[in-house]
Amino acid sequence: MSDLSRRSFLSAAWKVGFGLLAAAGVVTTWDLLKPTLAAGVDILVKTVKPDAVPSAGVLVVPKARGYLVKVDEEEILALSEVCPHLGCRVPFIDENNQFECPCHGSKFTRVGDYIEGPAPRGLDEYGTEIVDGVIEIDTSDVIAGPAPGSERA
Ligand code: FES
């Protein structure tokens, strides 16, 4: 292989490699930040028995685009993962025991109350019902999150 063709081959290989890396970065970033407004809308989602919801942290319910959170032995909340600011997906950060929006930095307590950031309120809540011993989330029944400075009743 001549120097010229080796150089051409390496140049093309680098371009393809960087192209693939850039494409992977775009796909990963979009998957993390894409709005989830249309997902999980107006459906009933059967989840788990109340006993299966952990006392610490949250239980992720991808099909409902939300979380189940045990407040105490009597109360379990179904929270939306959609940020009330501009709709980014808000993950729960175990180390900080709170929800933190990756888009503009809004933060929410474990039960979805507003802490700080541009979000106008806490995380929205879905209606729930126990059906045949299992928690059913109704994503069409959306209760707006509490205003900053107030807590969920
Ligand atoms: S979308 Fe969450 S803080 Fe802006």
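Residue indices begin from 1 for each chain and proceed along its sequence in written order. Thresholds applied to this predicted model are a pLDDT of at least 70 for local features of residues and 80 or more for the giving and counting of side-chain atom pairs; totals over whole chains, interfaces and linings are not thresholded and use all residues.

Caption draft 1: Highlighting the domain arrangement of the chain. With domains assigned, the chain is organised as domain 1 (1–33) and domain 2 (44–143). Throughout, the edges of the domains are those of an automatic or database domain assignment. Between the C-alpha centres of domain 1 and domain 2 there is a distance of 40 Å.

Caption draft 2: Local environment of the sheet that holds strand β3 (residues 66–70). An order of β1-β10-β9-β4-β3-β2 is seen for the six strands of this open sheet, with the pairing classed as antiparallel. Here the strands that pair on one side only, and so sit at the sheet edges, are β1 (44–46) and β2 (59–61). Taking the axes of each pair of neighbouring strands and ignoring which way they run, one obtains an average angle of 30° across the sheet. Looking at chain direction, strand β4 (residues 76–80) and strand β9 (residues 125–131) are connected through two bridges and run antiparallel. The residue of β9 that forms the bridge with Ala78 is Tyr126. Note on pairing: two strands pair once DSSP finds at least 2 bridges between them. The way it works is that DSSP assigns letters per residue, a run of H or I at least four long becomes a helix, a run of E at least two long becomes a strand, and they are numbered from the N terminus. Axes here refer to lines fitted to C-alpha atoms; in helices the fit is confined to the stretch in contact. Angles between the N-to-C directions go from 0 to 180 degrees.

Caption draft 3: The sheet that holds strand β5 (residues 92–93), seen in detail. If you walk across this open sheet you meet the four strands as β5-β6-β7-β8, and the pairing is antiparallel. Since the sheet does not close on itself, it has two edges, and those belong to β5 and β8 (114–116), each with one partner. Two strands pair when backbone bridges link them, and strand β7 (residues 107–108) and β8 are joined in this way by two bridges, in the antiparallel orientation. Its bridge partner lying in β8, Phe108 is registered against Tyr114.

Caption draft 4: Representation of the pairing of β4 in the model. A large share of β4 lies buried, amounting to four of its five residues. The sheet contact formed by β3 and β4 spans five bridges and is antiparallel. Across the sheet, the residue bridging to Val69 is Leu77, located in β4. The loop that links β3 with its antiparallel partner β4 comprises five residues. A residue is called partly exposed when the number of other C-beta atoms within 10 Å of its own lies between 12 and 20, exposed at 12 or fewer, and buried at 20 or more, with C-beta atoms placed from the backbone.

Caption draft 5: Broad picture of the environment of Thr128. Summarising the element assignment, Thr128 is placed in strand β9. Taking the C-alpha atoms as reference points, Thr128 and Ile143, 15 residues apart in sequence, are found 11 Å from one another. Excluding residues that lie within four positions of it along the chain, Thr128 makes contacts with Ile76, Ala78, Ile135, Glu136 and Ile137. The contact rule is simple: place each C-beta atom from the backbone, and if two of them lie within 7 Å, those residues are in contact.

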